[in-house]
Amino acid sequence: MAEPETNLGLETVPRVISFLSSLLQRVAESNDDCRLFQSQKVSVFHGLTRPAISIRSYLERIFKYANCSPSCFVVAYVYLDRFVQMQPSLPINSYNVHRMLITSVLVSAKFMDDMYYNNAYYAKVGGISTAEMNLLELDFLFGLGFRLNVTPTTFHTYYSFLQREMWMQVQPPLQHLPQPSLTIGSSVKIHCCINEDESTHHQQLAV
């Protein structure tokens, strides 16, 4: 798959990571609360305890050592969103988000980049065994239904959303400026789900 052309340079990646980690932190915390009232399926991505490393530090570690193309992080974001839409009984929470992150970046790098590290390397980066990394990748692929292709339209939709959200974090919105079609952070708008067959965004709880 040819990498979509964007101005997503290396200097932008830390801001992408900052937003993704912030978004995933809010989603995970919300779904942690939901676990008290709703049963959630336990999968191979679930750990027995919450990892000590924060989501942001973990994502920064992946960025530092994976050396994948910047677009991989946007595609990994697409895959995570696609996964939870197809597997509604497996919402992202504090017990599975780290394994989902390392797996989504691994799959994204393999699909996007001509050169990438093997599973053993990613396992070391993620702090898991190679056998577990292999299992996570396989389960993630089946969870996606092997739907790995990301059209340029879908890529730019997600990327544009990230750009808007990153801008919103730096500068408060002005009334005369167009607002993002998705708002992350309120009690209702927790997880963005983008209908890839339409140009509009839709919202649903990641529960």
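It should be noted that the structure appears before, not after, this text.
Let me begin by describing the structure that accompanies this report. (Residues numbered from 1 in each chain as written. Predicted model: local features only at pLDDT ≥ 70, side-chain atom pairs only at ≥ 80, totals over all residues. Heavy atoms only, no water.)

**A short note on the overall build of the protein chain**
Right, on to step 1. When helices and strands are tallied, the protein chain shows seven helices and two strands.
Right, on to step 2. The linear arrangement of helices and strands in the protein chain, starting from the amino end, is α-α-α-α-α-α-α-β-β.
Right, on to step 3. Among the 207 residues that make up the protein chain, the fraction classed as buried is 49%.
Right, on to step 4. Taking all contacts inside the protein chain whose residues are at least 6 apart in sequence as the whole, residues at least 24 apart take part in 76%. (Helix = DSSP H or I, 4+ residues; strand = E, 2+ residues; numbered from the N terminus. Buried < 20%, exposed > 50% of the residue type's maximum accessible area, 1.4 Å probe, protein only. Contact = heavy atoms within 4.5 Å.)

**Brief notes about the packing of aromatic side chains**
Right, on to step 1. Summed over all chains, the structure comprises nine aromatic pairs.
Right, on to step 2. Ring centres 6.3 Å apart and planes at 25 degrees place the aromatic pair F155 and Y159 in the stacked group. In this pair, F155 and Y159 are both assigned in helix α7 (residues 152-170), four residues apart and thus about one turn of the helix distant. Considered together, F155 and Y159 belong to a single accessibility category, that of buried residues. (Phe/Tyr/Trp six-rings, centres within 6.5 Å; stacked < 30°, edge-to-face > 60°.)

**Details of the packing of helix α4 (residues 97-112) against helix α5 (residues 119-126)**
Right, on to step 1. For the pair α4 and α5, interaxial distance at closest approach is 10 Å and the crossing angle is 150 degrees. In terms of orientation, α4 and α5 fall into the roughly antiparallel class. Classified by chirality, the crossing of α5 by α4 is right-handed. Residue-level contacts link I102, V105, L106, A109 and K110 of α4 to N119, Y122, V125 and G126 of α5.
Right, on to step 2. When grouped by side-chain class, the residues that make up the contact of α4 with α5 number six nonpolar, two polar and one charged. (Axes fitted to C-alpha atoms, helices over the stretch in contact; angles between N-to-C directions. Parallel < 35°, antiparallel > 145°, perpendicular 65-115°, else oblique. Left-handed = near helix turned anticlockwise from the far one by under 90°. Nonpolar A, V, L, I, M, F, W, Y, C, P; charged D, E, K, R; others polar.)

**Observations regarding the pattern of salt bridges**
Right, on to step 1. Enumeration according to the criterion identifies three salt bridges in this entry.
Right, on to step 2. Between E132 and R99 there is a salt bridge; the shortest N-O distance is 2.7 Å. A residue pair is termed long-range when its members are at least 10 positions apart, and E132 in helix α6 (residues 130-143) and R99 in helix α4 qualify at 33 residues.
Right, on to step 3. Residue K110 pairs with E137 through a salt bridge whose shortest N-O separation is 2.9 Å. In this pair, K110 sits in helix α4 while E137 sits in helix α6, placing the two residues 27 residues apart along the sequence.
Right, on to step 4. Overall, K110 belongs to the partly exposed group, its relative accessible area being 28%. (Salt bridge = Lys/Arg side-chain N within 4 Å of Asp/Glu carboxyl O.)

**Here's the deal with the side chain of S108**
Right, on to step 1. Secondary-structure assignment places S108 in helix α4.
Right, on to step 2. Leave out the neighbours within four places in its chain, and S108 touches C72, V75, A76, Y79 and D113.

**So, α6**
Count 3.6 residues to each turn of an α-helix, and residues three or four apart come out pointing the same way.
Right, on to step 1. Over its 14 residues, α6 extends 20 Å from the first C-alpha to the last, a length consistent with the 20 Å expected when each residue adds 1.5 Å.
Right, on to step 2. Among the residues of α6, M133, L136, E137, F140, L141 and G143 are the ones counted as buried. What you see down the axis of α6 is that its buried residues fit within an arc of 160 degrees, all on one side. Opposite the buried face of α6, at more than 90 degrees from it, the exposed residues are A131 and F142.
Right, on to step 3. Buried residues along α6 sit against α3 (71-86), α4 and α5.
Right, on to step 4. Just downstream of α6, G145 is the residue with a positive phi angle, here 65 degrees. (Expected span 1.5 Å × (residues − 1). Arc of directions from axis to C-beta.)

**Some details on the packing of α3 against α4**
Two quantities define a packed helix pair, namely the angle between the helix axes and the distance between the axes.
Right, on to step 1. Where α3 contacts α4, the two axes come as close as 8 Å, and the packing angle between them is 120 degrees. By the angle between their directions, the pair α3 and α4 is classed as oblique. Like other packed secondary-structure pairs, α3 and α4 cross with a definite hand, here right-handed. Residue-level contacts link S71, C72, F73, V75, A76, Y79, L80 and F83 of α3 to M100, L101, S104, V105, V107, S108, A109, F111 and M112 of α4.
Right, on to step 2. Residues belonging to the contact of α3 with α4 are distributed by class as follows: 14 nonpolar, three polar and no charged.

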